[in-house]
Amino acid sequence: MPSAATSQRPGAAKWVPDMRSSNESPNVKLRTVATFPKNYFLENLAVRSDNSVLVTVLNHNELWYLPSSKDEQPVEPQLLLTFPHPAMGIVEVEPDVFYISVSDIYTWTDSHLYHLDLNGWSPGQPVHSESVLRFPQPIRGLNGSCAVAPGIVLLADSWAGLIWRVDLHVADGTPKPSVWLEHDSMSYLAKLYFQRVQTPGVNGIQYSQKRGYLYYTASATRLFMRVKVDPASFNPVGEVEVVGGGRFDDFWIDQNAGLAYLASHTLNTIDRLALEPSKNGGGALNVAGNPFNDELIGPSAGHWGRGRDEYGRVAFVTTDGGTATPPDGGVRPAKVVRAEFVRQDVS
């Protein structure tokens with residue numbers, strides 16, 4: 001549950017950058033890994049230890065598998081599962097064991113957590129996934145997710161304006177949900193940004209064990225936030241802080257370098273902020289997509305590769321091809337893109 005310092009729901013945080021010059025933008029090389037049809041909203045992804053990728057698709061309620069590519073050639077996506085509602089966040093909690101958020105983000109009436117075990121699985125074989133939890137009220141619509149400890153998962157609820165905690169390993173075998181944190185920065189906006197979907201509030205969430213903070217994007221309030229996590233209870237402690245500002249969807253972090261890479265989605269860019277608020281005097285730094293790059297239309301989330309020396313340098317990024325906000329020339333095929341960055345430490 002929220003700490004005393006955060007349960008009072010303080011007023012919405014505001015961020016005003018000073019205009020000191022920011023670091024020089026790093027070079028980035030983009031390459032298509034896999035192509036999906038037009039009007040596929042690729043929502044989130046998990047990268048397996050062999051660099052194969054699992055991809056959730058919001059508007060087709062699906063989970064797809066991308067085999068790893070040894071020769072840097074594009075691969076063919078393979079459909080694994082179809083769910084009753086949009087497939088949203090996906091998180092690996094132990095080797096090849098994943099939990100997928102499946103949520104009716106249109107009517108806010110039904111949200112489930114699905115379990116998927118790929119240990120011993122080979123491509124081409126059928127897979128089995130089952131719902132292990134139906135969320136109670138005040139659930140509305142799940143989005144990003146992350147693990148903070150063995151058996152503890154946090155999930156953003158973009159339209160209830162809060163973060164859930166799920167304890168997976170409880171005595172009776174049934175995962176236990178509870179509200180982990182509420183804050184006004186997490187509120188949604190009653191304005192459509194895709195079909196019947198209103199602009200989400202809290203969106204992506206990531207935990208930095210090294211720094212002891214949970215970070216989250218708040219799309220409607222255009223903020224990047226953090227809160228301290230108690231290392232024993234894994235509950236939030238202290239005040240919620242503004243890290244930076246911008247129009248962000250989901251994101252991924254390099255906790256060693258002290259950087260966050262943020263998918264702007266409708267702006268067709270990837271931006272970068274430091275994980276320490278004091279290092280963001282110049283505001284978010286664009287690292288890809290400006291000028292416009294046809295490889296990067298509608299980026300929604302990213303995850304570091306699992307290959308040798310890829311952490312902090314090579315990421316896989318999901319895009320929607322302009323499904324939510326078509327660019328000039330109309331909607332393109334959705335893609336998973338490989339992004340290779342020149343690493344820069346700011347910590």
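A short tour of the structure in this document, coming up. (Residues numbered from 1 in each chain as written. Predicted model: local features only at pLDDT ≥ 70, side-chain atom pairs only at ≥ 80, totals over all residues. Heavy atoms only, no water.)

What follows covers the side chain of Asp320. Mapped onto the elements of the fold, Asp320 is located in the loop between β25 (314-319) and β26 (333-341). Only 2.8 Å separates the side chain of Asp320 from the backbone nitrogen of Gly322, close enough to count as a polar contact. Here Ala324 takes part through its backbone nitrogen, which lies 3.0 Å from a polar atom of the side chain of Asp320. If we skip the residues at most four places from it in the chain, Asp320 touches Tyr40, Phe41, Leu42, His265, Ile297, Gly298, Arg332 and Ala334. (Helix = DSSP H or I, 4+ residues; strand = E, 2+ residues; numbered from the N terminus. Polar contact = N/O pair within 3.5 Å; in protein donor to acceptor, adjacent residues only side chain to side chain. Contact = heavy atoms within 4.5 Å.)

The four strands lie next to each other as β2-β3-β4-β5, forming an open sheet whose pairing is antiparallel. Strands at the two margins of the open sheet, each flanked by one partner only, are β2 (42-47) and β5 (78-82). When strand polarity is set aside, the average angle formed by the axes of neighbouring strands in this sheet is 25°. When strand β3 (residues 53-57) meets strand β4 (residues 62-66), the two strands line up antiparallel, connected through five bridges. (Pairing = 2+ DSSP bridges. Axes fitted to C-alpha atoms, helices over the stretch in contact; angles between N-to-C directions.)

It is worth spelling out the sheet that holds strand β16 (residues 202-208) at this point. Neighbouring strands of a sheet are bound in pairs by backbone hydrogen bonds; such pairs are parallel or else antiparallel. Spatial ordering of the open sheet is given by β16-β17-β18-β19, a layout of four strands whose pairing is antiparallel. Edge positions in the open sheet fall to β16 and β19 (236-245), since each of these has one partner strand only. If you compare each strand with its neighbour and ignore which way they point, the axes differ by 20° on average. As paired elements, strand β18 (residues 223-229) and β19 share six bridges and run antiparallel to each other. The partner of Val229 across the bridge, within β19, is Pro236.

Glancing now at the nonpolar core. Core analysis: the largest hydrophobic core is formed by 23 residues, its most contacted members being Leu154, Ile163, Trp180, Ile205, Leu214 and Tyr216. Those elements giving two or more residues to this core turn out to be β10 (142-149), β11 (152-157), β13 (176-182), β16, β17 (213-218), β18 and β19. Ranked by residues supplied to this core, first place goes to β18 with four residues. Residues in contact with Tyr216, not counting those within four places in the same chain, are Ile163, His183, Ser185, Met186, Val202, Gly204, Ile205, Leu223, Phe224, Met225, Val240 and Phe251. (Core = buried A, V, L, I, M, F, W, Y, C linked by side-chain atoms within 4.5 Å. Buried < 20%, exposed > 50% of the residue type's maximum accessible area, 1.4 Å probe, protein only.)

So, about unusual backbone geometry. Pro138 follows Gln137 through a cis peptide bond whose omega is 15°. The topology assignment puts Pro138 in the loop between β9 (129-134) and β10. In this structure, the amide linkage connecting Asn290 to the following residue, Pro291, adopts the cis form with an omega of 10°. When you line up the elements, Pro291 lands in the loop between β23 (285-288) and β24 (299-304). Positive phi outside glycine occurs at Glu72, with the angle close to 65°. Tracing the sequence through the fold places Glu72 in the loop between β4 and β5. With a relative accessible area of 44%, Glu72 lands in the partly exposed category. For Asn268, which is not a glycine, the phi torsion comes out positive at approximately 65°. One can find Asn268 in the loop between β21 (259-263) and β22 (270-274). A relative accessible area of 10% means that Asn268 is categorised as buried.

These figures come from the coordinates and say nothing about function on their own.
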